[in-house]
Amino acid sequence: ILDDPDLKDIDPTVLKHCHAAAATCILEAGKQKADISAISTCLEDCKLDKERIEQFCTEYQHRELVSVVSFSIGRSPLHITDVSWRLEYQIKNSQLHKTYQPSYLVTLNVENSDSGSHPDVSFSCTMEQLQDLVGKLKDAAKSLERATQV
Amino acid sequence: KLNIGVDIIEHGVEGLVYLLTESSKLMISEVDFQDSIHVLGFSDELNKSLLQLYLDNRKEIRSILGELAPRLPSYHSLEWRLDVQLASRSLRQQIKPAVTMKLHLNQNEDQTAQVLQTDPATLLHLIQQLEQALGEMKMNHCRRIVRNMK
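All of these numbers come straight from a predicted model, not from anything done at the bench.

As for the nonpolar core
Part 1 of the reasoning: Counting 32 residues, the largest nonpolar core has Tyr104(A), Leu108(A), Phe123(A), Leu130(A), Leu137(A) and Leu103(B) as the members making the most contacts within it.
Part 2 of the reasoning: Where this core is concerned, the elements lending two or more residues are strand E1 (78-90), strand E2 (101-111), strand E3 (121-125) and helix H5 (127-149) of chain A together with strand E1 (74-85), strand E2 (96-107) and helix H4 (120-136) of chain B.
Part 3 of the reasoning: If one sorts the elements of this core by residue count, H5(A) sits on top with 8 residues.
Part 4 of the reasoning: One finds Leu96(A), Phe33(B), Leu50(B) and Ile61(B) within the second-largest nonpolar core, a separate group that totals 10 residues.

Given below as structure tokens:
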């Protein structure tokens, strides 16, 4: 905005204040999911003229991107984004020979809402344990399905 | 009671321990065990007792040795819960379903619990991926290897 030729006659500080005010207004309105009439009423109370209110509202309609960003801001526990697995068959180790044991190594890719990176959660499990895990996840999915049908 | 020096008993016990752990570790057959101790020149009766001792305790020794092998954190259990986020500081009036989970893992006798979260789409993806993993054990390739490795 500071480089815009149309605005170069205006004091940059005032420009910054205007920009901040407009941005705050849009964010607050978006946060409250206010509709056009609510915004118009609010702006009228602030003694803005009709033309300006209409322009503001038209621009406000294009606020989808802001909604998306607001939707994703916020704290939450580590978020699982993906899973990878490995099936191995152990033959022997330094303590024990002829182990002949299949095992799974499961890695859950996780994302931190703050810093964006976090060491992945890895663990090993037997086939029975993996079946237990999958069973529990399926229970959760079924509950979700039932909840959405209510 | 035995009227022998402490050193000799200590060496005797150590020798016995070594014999049993090495035999259990390698899972040697009865015949091999008998051949091995025959070299020591003990009486037949003693050899029989040693063999019986080996066979009786082999399983337990192997399970203890199994605990000593290097291990990754292993799966213990999973608890889950369905949440719906209704509002946050940056956005009101939401409906954001999520599944919150507590993954219990064992690492070298410590139990850790990690709280994780995922969205419905990722949950279904996790289930699909892990079911594929489980299916692998039943595939011909894995079956053939397990058969031939024994």
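Anyway, onward from the coordinates.
Topic: the environment of Ser40(A)
Part 1 of the reasoning: In this fold, Ser40(A) is placed in helix H2 (residues 36-45).
Part 2 of the reasoning: Once residues within four sequence positions are removed from consideration, Ser40(A) is found in contact with Ile53(A) and Cys57(A).

Remarks on the domain arrangement of chain B
Part 1 of the reasoning: If you check the domain split of chain B, you get domain 1 (6-68) and domain 2 (123-149).
Part 2 of the reasoning: Here the C-alpha centroids of domain 1 of chain B and domain 2 of chain B sit 38 Å apart.

What to know about the confidence of the model for chain B
Detailed reading of the predicted model is not advised wherever pLDDT is low.
Part 1 of the reasoning: Mean pLDDT for chain B: 87, with 99% of residues reaching 70 or above.
Part 2 of the reasoning: Predicted as a complex, the structure gets a pTM of 0.73 and an ipTM equal to 0.73.

Thoughts on the pattern of salt bridges
Part 1 of the reasoning: Applying the stated criterion across every chain yields a total of 4 salt bridges over all chains.
Part 2 of the reasoning: For Asp132(A), the salt bridge is made with Lys136(A), and the minimal N-O distance between the two is 3.0 Å. With Asp132(A) and Lys136(A) both in helix H5, this residue pair falls 4 residues apart, about one helical turn.
Part 3 of the reasoning: Across the pair Asp83(B) and Arg81(B) runs a salt bridge, and its minimum N-O distance is 3.0 Å.
Part 4 of the reasoning: Under the relative-accessibility criterion, Asp83(B) is labelled partly exposed at 22%.

Concerning unusual backbone geometry
Part 1 of the reasoning: Positive phi is not limited to glycine here, since Lys98(A) has a value of about 55°.
Part 2 of the reasoning: Structurally, Lys98(A) is set in the loop between E1 and E2.
Part 3 of the reasoning: A positive phi is found at Gln93(B), a non-glycine position, where the angle reads about 50°.
Part 4 of the reasoning: Along the chain, the position of Gln93(B) falls in the loop between E1 and E2.

A short note on the domain arrangement of chain A
Part 1 of the reasoning: Segmentation of chain A into domains returns domain 1 (12-73) and domain 2 (79-148).
Part 2 of the reasoning: Placing the centre of domain 1 of chain A and that of domain 2 of chain A at their C-alpha centroids yields a distance of 46 Å.

Re the packing of H5(A) against H4(B)
Part 1 of the reasoning: Across the interface, H5(A) lies against H4(B) with an axial gap of 10 Å and an inter-helix angle of 150°. As far as their axial angle goes, H4(B) and H5(A) are roughly antiparallel. Along this stretch, H5(A) crosses H4(B), giving a crossing that reads as left-handed. Across the interface between the two elements, Met127(A), Leu130(A), Gln131(A), Leu133(A), Val134(A), Leu137(A), Lys138(A), Ala140(A), Ala141(A) and Leu144(A) from H5(A) touch Pro120(B), Leu123(B), Leu124(B), Leu126(B), Ile127(B), Leu130(B), Glu131(B), Ala133(B) and Leu134(B) from H4(B).
Part 2 of the reasoning: In terms of residue class, the contact of H5(A) with H4(B) is made up of 16 nonpolar, 1 polar and 2 charged.

Side note on the interface of chain A and chain B
Part 1 of the reasoning: If you look at the interface, chain A gives 55 residues, while chain B gives 56 residues.
Part 2 of the reasoning: Taken together, the connections running from chain A to chain B amount to 1 salt bridge.
Part 3 of the reasoning: Across the salt bridge formed by Glu131(B) and Lys138(A), the nearest N and O atoms sit 2.3 Å from each other.
Part 4 of the reasoning: Taken together, chain A and chain B are joined by 17 residue pairs in polar contact (both at pLDDT 80 or more).
Part 5 of the reasoning: Elements with a contribution of two residues or more to the side of chain A that touches chain B: helix H1 (12-31), helix H4 (64-72), E1, E2, E3 and H5 of chain A.
Part 6 of the reasoning: At 15 residues, the largest contribution of residues to the side of chain A that touches chain B is made by H5(A).
Part 7 of the reasoning: Residue composition of the side of chain A that touches chain B, grouped by class: 29 nonpolar, 18 polar and 8 charged.

Remarks on the packing of aromatic side chains
Part 1 of the reasoning: Tallying each qualifying case throughout the model produces 3 aromatic pairs over all chains.
Part 2 of the reasoning: Here Phe123(A) and Tyr75(B) contribute two aromatic rings whose centre-to-centre distance is 5.9 Å and whose plane-to-plane angle is 35°, an arrangement assigned as tilted. Of this pair, Phe123(A) sits in strand E3 while Tyr75(B) sits in strand E1, each in a different chain. Neither Phe123(A) nor Tyr75(B) differs from the other in exposure class; each is buried.
Part 3 of the reasoning: Taking the centre distance of 4.6 Å and the plane angle of 5° together, the rings of Phe33(B) and Tyr54(B) count as stacked. Taken as a pair, Phe33(B) in helix H2 (residues 30-38) and Tyr54(B) in helix H3 (residues 44-68) lie far apart in primary sequence, 21 residues in all.
Part 4 of the reasoning: The exposure class of Phe33(B) is buried, given its relative accessible area of 1%.
Part 5 of the reasoning: Residue classification places Tyr54(B) among the buried positions, given a relative accessible area of 0%.

How each quantity is defined
Residues numbered from 1 in each chain as written. Chains lettered and ligands numbered in written order. Predicted model: local features only at pLDDT ≥ 70, side-chain atom pairs only at ≥ 80, totals over all residues. Heavy atoms only, no water. Core = buried A, V, L, I, M, F, W, Y, C linked by side-chain atoms within 4.5 Å. Buried < 20%, exposed > 50% of the residue type's maximum accessible area, 1.4 Å probe, protein only. Helix = DSSP H or I, 4+ residues; strand = E, 2+ residues; numbered from the N terminus. Contact = heavy atoms within 4.5 Å. Domains from an automatic or database assignment. pLDDT = per-residue confidence, 0-100. Salt bridge = Lys/Arg side-chain N within 4 Å of Asp/Glu carboxyl O. Axes fitted to C-alpha atoms, helices over the stretch in contact; angles between N-to-C directions. Parallel < 35°, antiparallel > 145°, perpendicular 65-115°, else oblique. Left-handed = near helix turned anticlockwise from the far one by under 90°. Nonpolar A, V, L, I, M, F, W, Y, C, P; charged D, E, K, R; others polar. Polar contact = N/O pair within 3.5 Å; in protein donor to acceptor, adjacent residues only side chain to side chain. Phe/Tyr/Trp six-rings, centres within 6.5 Å; stacked < 30°, edge-to-face > 60°.

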